[in-house]
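Letter by letter, the chains look like this.
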Amino acid sequence: MRRILVVGSAGAGKTTLAREIARRLDLPVIHLDGHYWRPGWTPPDETEWRESVARLVARPAWVMDGNYGGSLDLRLPRADLLVFCDLPRLLCLRRVLRRRWAHRAARGTVPRPDLPAGCPERVDREFLRYVWRYPRRSRPRLLAAVASSVPALPVVRLRTTAEVRRFVDTLPTAPPGPSVR
């Protein structure tokens, strides 16, 4: 496994899991949020975004976290494994709210490391609605994209925090030596 996609709802633990997979397998980690958003939560031009994703997936090794369904056609064919964090929506909502509280700008806390400069942690009604609707809207689209474009792609679907822990426990720890990073 040299190219691993980690996807799932906001609050499902994608970033944390991607970092741990990358650490254990000694692979570079790519947080798509950090490549997508511009200061002030401004999205990039669609052509620019797709060119950026094409450059990222062309790399020989990575653990990539993020959804961005409009770029799955570029990412899925390059992946060796898809890890789908499919945790319960109430858990995801609780984590999103806890994360917002932990990274609130008003208290001067450190911003999330996976977000670009100028994009402080935020939670609004639209974002909470996205998290709530993820199982009904986004999950079927993700699974359909996998089935139609790369049906042979191995998928690890993690539905509980215990399954996430067990999956991580199955990963080897990279031996000391030259890094691919």
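See the structure printed just above.
Below, the structure is looked at part by part. Keep in mind the model is a prediction, meaning the values are calculated, not measured. (Residues numbered from 1 in each chain as written. Predicted model: local features only at pLDDT ≥ 70, side-chain atom pairs only at ≥ 80, totals over all residues. Heavy atoms only, no water.)

## Focus on the sheet that holds strand S5 (residues 155–158)
For step 1, the next point in the chain: As summarised here, the arrangement of the five strands in space is S2-S3-S1-S4-S5, forming an open sheet in which the pairing is parallel. With one partner strand each, in any of the chains shown, strand S2 (29–31) and S5 form the two edges of the open sheet. Going across the sheet, the axis of each strand differs from the next one's by a mean of 15°, ignoring polarity.
For step 2, the next point in the chain: Bridging between strand S1 (residues 3–8) and strand S3 (residues 62–65) involves four bridges; their strand directions are parallel. (Pairing = 2+ DSSP bridges. Helix = DSSP H or I, 4+ residues; strand = E, 2+ residues; numbered from the N terminus. Axes fitted to C-alpha atoms, helices over the stretch in contact; angles between N-to-C directions.)

## Here's the deal with the packing of aromatic side chains
For step 1, the next point in the chain: A complete count under the given rule lists seven aromatic pairs for this structure.
For step 2, the next point in the chain: When the ring of Tyr130 is compared with that of Tyr134, the centres are 6.0 Å apart and the planes differ by 80°; the resulting orientation is edge-to-face. Of this pair, Tyr130 and Tyr134 both sit in helix H6 (residues 125–149), four residues apart, roughly one helical turn.
For step 3, the next point in the chain: Residue Tyr134 is classed as buried on the basis of its relative accessible area, which comes to 4%.
For step 4, the next point in the chain: An aromatic cluster is defined as three or more aromatic residues linked by ring pairs; in this entry it consists of Tyr36, Trp37, Trp41, Trp49 and Tyr68.
For step 5, the next point in the chain: In this structure, Arg89 packs its charged tip against the face of Trp132, placed 4.2 Å from the ring centre. (Phe/Tyr/Trp six-rings, centres within 6.5 Å; stacked < 30°, edge-to-face > 60°. Buried < 20%, exposed > 50% of the residue type's maximum accessible area, 1.4 Å probe, protein only. Lys NZ or Arg CZ within 6 Å of the ring centre and 35° of its normal.)

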